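This is what each chain is made of:
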Amino acid sequence: MAKNRFTGKVFVITGGAGGLGAAIAQEAGLQGGAIAILDTNSDAIDSLLINLRSRGIKAEGRAVDVRDGNAVTQAIGELSDALSGIDILITAAGGSLGTPRDMDDISDEDLGLVLDVNVKGTYYCARAVIPHMKKKGGGSIITFSSIGGRSASPVTGVPYATAKAAILGLTRRLAKEVGLDNIRVNAIAPGLFLTDRLAEMFGSLSEIEQNEVIAGIPLGRMPEIRECIDPVLFLASQESSYITGAVLDVNGGRLMSN
Ligand SMILES: NC(=O)c1ccc[n+]([C@@H]2O[C@H](COP(=O)([O-])OP(=O)(O)OC[C@H]3O[C@@H](n4cnc5c(N)ncnc54)[C@H](O)[C@@H]3O)[C@@H](O)[C@H]2O)c1
């Protein structure tokens with residue numbers, strides 16, 4: 001991809017210090033974007049910023065919990081000042097967050113954590129960036145759903161399925177609300193990408209369950225991380241300028257639905 005594809009564009013990436021978020025940050029930065037990371041893991045933010053800056057990428061970061069709407073708004077304001085506005089938001093903060101898969105083992109706190117980080121966190125971050133995008137004449141928001149919110153996943157439980165399905169409703173309704181502001185809102189729904197966290201979860205499945213997952217993928221293989229990053233950056237770019245309110249399934253054909 002062209003080194004200047006995102007020149008002049010400012011990305012906010014939540015969960016940006018994690019597996020997919022950091023990979024998006026690096027690729028968007030290498031293609032010319034300025035990068036702002038929001039994550040709770042301050043050590044991981046610090047090492048990512050060193051890495052990005054050493055490659056000549058303009059990058060900032062804030063240790064913020066996306067469940068705290070006021071802290072999110074303040075951090076986004078500071079980052080917008082530091083990087084001259086915001087063009088693209090990618091809300092990767094989320095996941096099943098170490099909570100159990102089976103209902104008998106899931107506490108009320110587990111349920112609250114998964115819903116709050118994934119759903120309220122996405123909402124708070126979108127709410128915070130929209131005024132800054134309006135000032136720049138538009139923008140693109142990419143939310144993170146999951147195949148686990150589109151179908152019944154063997155890996156994750158009911159709270160995750162609920163949260164990732166809710167993100168699709170959020171995405172569509174918000175797309176309708178901000179379309180006239182030239183802000184597009186789309187969801188990505190990845191299948192299983194073996195970031196460190198997911199490699200551990202996949203490894204905890206029985207061999208039979210693992211084989212069932214791979215047998216259910218028409219492309220017959222697990223994906224490379226790049227195969228999630230490129231579709232996210234497509235939704236971030238002008239190449240998708242007439243796409244909004246959509247969900248992009250990136251799962252090797254494991255789920256085929258409309
Ligand atoms: N990896 C996959 O296969 C896969 C598949 C489908 C969907 N997803 C979704 O993609 C997103 C990223 O997944 P990943 O595999 O990179 O996960 P990850 O665990 O590697 O990264 C998630 C990041 O979010 C941060 N985070 C967690 N809670 C937070 C909070 N309250 N506030 C701010 N930051 C917080 C973590 O510190 C971490 O850096 C998640 O929303 C996940 O549900 C991933």
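The rules behind each value
Residues numbered from 1 in each chain as written. Predicted model: local features only at pLDDT ≥ 70, side-chain atom pairs only at ≥ 80, totals over all residues. Helix = DSSP H or I, 4+ residues; strand = E, 2+ residues; numbered from the N terminus. Rg over C-alpha atoms; globule rule 2.2 N^0.38 Å. Contact = placed C-beta atoms within 7 Å. Near = placed C-beta within 6 Å. Axes fitted to C-alpha atoms, helices over the stretch in contact; angles between N-to-C directions. Parallel < 35°, antiparallel > 145°, perpendicular 65-115°, else oblique. Left-handed = near helix turned anticlockwise from the far one by under 90°. Nonpolar A, V, L, I, M, F, W, Y, C, P; charged D, E, K, R; others polar. Buried ≥ 20, exposed ≤ 12 C-beta atoms within 10 Å, placed from the backbone. Core = buried A, V, L, I, M, F, W, Y, C linked by C-beta atoms within 7 Å. Pairing = 2+ DSSP bridges. Right-handed = clockwise from strand over helix to strand, strands pointing away.

### Observations concerning the overall build of the protein chain
So, point 1. Regarding its fold elements, the protein chain presents 8 helices and 7 strands.
So, point 2. The C-alpha radius of gyration computed for the protein chain amounts to 17 Å, which stays within 12% of the reference 18 Å derived for 258 residues, consistent with globular compactness.
So, point 3. On the principal axes, the C-alpha backbone points of the protein chain span a range of 50 × 40 × 40 Å.
So, point 4. Put simply, of all contacts in the protein chain between residues at least 6 apart along the chain, 73% involve residues at least 24 apart.

### Description of the site of the ligand
So, point 1. Surveying the vicinity of the ligand reveals 28 residues, the closest of which are G15, G18, G19, L20 and G94.
So, point 2. Of all the secondary-structure elements, those providing two or more residues to the shell around the ligand are α1 (19–30), α4 (108–135) and α6 (196–203).
So, point 3. Counting residues per element, the shell around the ligand draws most heavily on α1, which supplies 3 residues.

### Some details on the packing of α4 against helix α5 (residues 158–178)
So, point 1. At a minimum axis distance of 9 Å, the contact between α4 and α5 shows a crossing angle of 15 degrees. Taken together, the axis directions place α4 and α5 in an arrangement best described as roughly parallel. For the crossing formed where α4 meets α5, the hand is right-handed. Contacts from D110, L111, V114, L115, N118, V119, T122, Y123, A126 and I130 in α4 reach P159, Y160, T162, A163, K164, A166, I167, L170, L174 and V178 in α5.
So, point 2. When grouped by side-chain class, the residues that make up the contact of α4 with α5 number 15 nonpolar, 3 polar and 2 charged.

### Describing the environment of L180
So, point 1. Structurally, the position occupied by L180 is in the loop between α5 and β6 (183–190).
So, point 2. L180 gets classed as exposed once you count the C-beta atoms within 10 Å, which come to 7.
So, point 3. C-alpha of L180 to C-alpha of G138: the two residues are 42 residues apart in sequence and 9.1 Å apart in space.

### Points about the environment of V66
So, point 1. Here V66 shows up in the loop between β3 (59–63) and α3 (69–83).
So, point 2. Not counting the four nearest positions on each side in its chain, V66 is found in contact with T14, L38, V72, A93, V117, G121, Y124 and C125.

### Some words on the nonpolar core
So, point 1. F11, V12, I35 and V129 are the most contacted members of the largest nonpolar core, which has 66 residues in total.
So, point 2. Counting residues per element, this core draws most heavily on α4, which supplies 10 residues.
So, point 3. When residues no more than four places from it in sequence are discounted, the contact partners of V129 are V12, I76, I86 and L89.

### Focus on the pairing of strand β2 (residues 34–39)
So, point 1. Within β2, 6 of the 6 residues are buried, which leaves the element mostly enclosed by the surrounding structure.
So, point 2. Alignment of strand β1 (residues 10–14) against β2, held across 5 bridges, turns out to be parallel. Of the residues in β2, the one forming a bridge with I13 is I37.
So, point 3. Each parallel crossover has a hand, and for β1 linked through α1 to β2 it is right-handed.
So, point 4. Examined bridge by bridge, β2 and β3 share 5 bridges and lie parallel to one another. The residue bridging D39 from the neighbouring strand is A63, located in β3.
So, point 5. In this region the chain leaves β2, passes through helix α2 (residues 42–54) and returns to the parallel neighbour β3; the handedness of that crossover is right-handed.

### A look at the pairing of β6
So, point 1. Among the 8 residues in β6, 8 count as buried, and that is most of the element.
So, point 2. Alternating residues of β6 divide into I183, V185, A187 and A189 and R184, N186, I188 and P190, and every residue in both groups is buried.
So, point 3. In this view, the connection linking strand β5 (residues 139–144) to its parallel neighbour β6 by way of α5 has right-handed handedness.
So, point 4. Pairing geometry for β6 and strand β7 (residues 247–250), over 4 bridges, is parallel. For I188, the partnering residue across the bridge sits in β7 and is L248.

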